[in-house]
Amino acid sequence: MSFKVISSFGLLALCACAAANEPYVVGAAGPWKQGYGLQNLQGVQLAEEEINKAGGIDGHTFKVISRDDAGDGPQAAKIAQEFVRNQKISAVIGHVNSSGMLSAAPIYDGQLAAVATSATSPDLSGISSWVFRVISSDSLNGIALANFASRHSQRGPTSVAVLYENNTYGRGLADSFRRSFHGEIVSLDPINADLPTAEPYIAFLKARKPKIVFVAGRVSSGLKILQEAKRQGFNPIFVGGDGWQGIMADTATSEGTYIGMSFTPEDQSPRARSFVTAFKKKFNTVPDAHAALAYDATYLIAQALKEKGPDRKAVRDYLRALNRETAYAGLTGPAYFEDNGDPVGMRFRVLRVRNGQLIAEAR
């Protein structure tokens with residue numbers, strides 16, 4: 001009997017030890033096959049690797065379960081349901097884009113804290129007290145881009161044409177720009193994200209002769225617009241939002257364009273240099289703002305797990321209670337939140353492409 005008692009105590013001790021060292025698990029979701037989605041995933045993977053190389057979180061391995069939502073609302077909702085059902089998951093990194101996050105948010109509400117990375121739709125502001133994001137809303141980003149364009153109008157009469165992808169991202173950013181620009185908007189036209197050709201749009205704009213063309217879209221449509229403009233000899237100032245980050249891969253086409261974003265790999269701060277070096281070593285490519293935002297979101301959730309453990313509500317309450325003093329000092333700015341889940345402060349600036357790099361120009 002004594003042996004059985006001792007064995008039972010030993011078994012209980014082993015079980016307790018195993019439970020004490022169970023991994024801390026989080027979910028991550030985004031359109032991994034898209035260029036901006038892959039950068040997000042790689043930012044998460046780098047942070048996960050670094051956290052575990054440093055010993056994990058208080059001895060617990062940090063584990064990320066990733067799912068590809070293809071940027072599709074219904075698919076994002078299914079993944080959100082999977083994450084909520086999996087009681088081992090303490091929080092979610094993502095979703096990446098606005099349509100995915102808008103569909104997933106009602107499912108996470110009251111169940112699981114989610115920190116969106118590059119979902120910028122104004123409709124996400126206040127959608128749930130369990131949903132946060134580390135990127136500023138298009139409401140603010142559009143203002144920053146419009147203010148940039150407006151400064152050109154102060155140097156002389158300036159007209160602007162606006163092209164926007166007819167989706168959540170494009171409409172939200174274009175609307176904010178339109179309401180904030182101080183000058184003449186000569187046209188405001190929707191385009192398809194899978195734009196087959198930009199020829200008719202550029203021919204139309206060439207006839208209208210705007211000084212600035214603002215495009216609220218992503219890389220695929222953006223490159224076609226820029227390439228067609230060069231073909232037709234149309235040379236206005238082109239300005240794009242954060243969806244244009246990947247156009248720099250085509251250095252000739254993107255040269256001289258302006259892009260608004262939250263992070264540039266040319267940032268000379270020590271933390272940014274360390275991040276860029278580690279990212280390039282691991283993935284043999286340069287990180288963009290998508291990677292930096294996902295890296296920040298991952299470390300932010302890891303900080304919450306370190307402070308509060310894996311309890312879902314405790315993680316959510318910790319994120320809501322962050323302030324200037326307790327914020328995670330991210331690459332893209334200090335991470336703490338307004339009551340509506342948006343990050344505090346403007347985390348966005350307009351930079352110019354020079355030789356494939358984003359350069360801040362003197363004002």
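The structure displayed is predicted, hence computed values, not measured ones.

(A) Just the pattern of salt bridges, in detail. On inspection of all chains with the given rule, the structure shows 12 salt bridges. As a salt-bridge pair, Glu 49 and Lys 53 come within 3.7 Å of each other at their nearest N and O atoms. Residue Glu 49 and its partner Lys 53 are both found in helix 2 (residues 35-53); the two are separated by 4 residues, about one turn of the helix. For Lys 53, a relative accessible area of 68% gives the class exposed. Its salt-bridge partner being Lys 313, residue Asp 317 comes within 2.8 Å of it at the nearest N-O pair. Separated by 4 residues within a single helix, Asp 317 and Lys 313 lie in helix 12 (residues 312-321), roughly one turn from each other. Judged by relative accessible area, Asp 317 falls into the partly exposed class, the value being 29%. Residues participating in the shared-partner salt-bridge network are Glu 49, Lys 53 and Lys 282.

(B) View of helix 8 (residues 219-232). With 14 residues, helix 8 extends 20 Å from end C-alpha to end C-alpha; this agrees with the ideal 20 Å at 1.5 Å per step. Turning to helix 8, its buried residues are Ser 221, Gly 222, Leu 223, Ile 225, Leu 226, Glu 228, Ala 229 and Gln 232. Buried positions along helix 8 lie against strand 6 (159-165), strand 7 (184-191), helix 7 (199-208), strand 8 (212-216), strand 9 (237-240) and helix 9 (251-254). Once helix 8 ends, the next one or two residues include Gly 233, with phi positive near 70°.

(C) A look at the sheet that holds strand 10 (residues 258-261). Strand order in the open sheet made by the 7 strands is 7-6-8-9-10-13-14, with mixed pairing throughout. Each of the sheet's edge strands pairs with one partner strand only, and the pair in question is strand 7 and strand 14 (357-359). Direction aside, neighbouring strands of the sheet carry axes that sit 25° apart on average. Pairing between strand 10 and strand 13 (residues 349-354): 4 bridges, direction antiparallel. Following the sheet pairing, Met 261 is matched in strand 13 by Arg 349. Together, strand 6, strand 7 and strand 8 form the strand contacts of helix 6 (residues 168-180), whose direction differs from that of strand 6 by roughly 160°. Sitting on the sheet, helix 7 is in contact with strand 6, strand 7 and strand 8, with an inclination near 175° to strand 7.

Quick notes on the rules
- Residues numbered from 1 in each chain as written.
- Predicted model: local features only at pLDDT ≥ 70, side-chain atom pairs only at ≥ 80, totals over all residues.
- Heavy atoms only, no water.
- Salt bridge = Lys/Arg side-chain N within 4 Å of Asp/Glu carboxyl O.
- Helix = DSSP H or I, 4+ residues; strand = E, 2+ residues; numbered from the N terminus.
- Buried < 20%, exposed > 50% of the residue type's maximum accessible area, 1.4 Å probe, protein only.
- Expected span 1.5 Å × (residues − 1).
- Contact = heavy atoms within 4.5 Å.
- Pairing = 2+ DSSP bridges.
- Axes fitted to C-alpha atoms, helices over the stretch in contact; angles between N-to-C directions.

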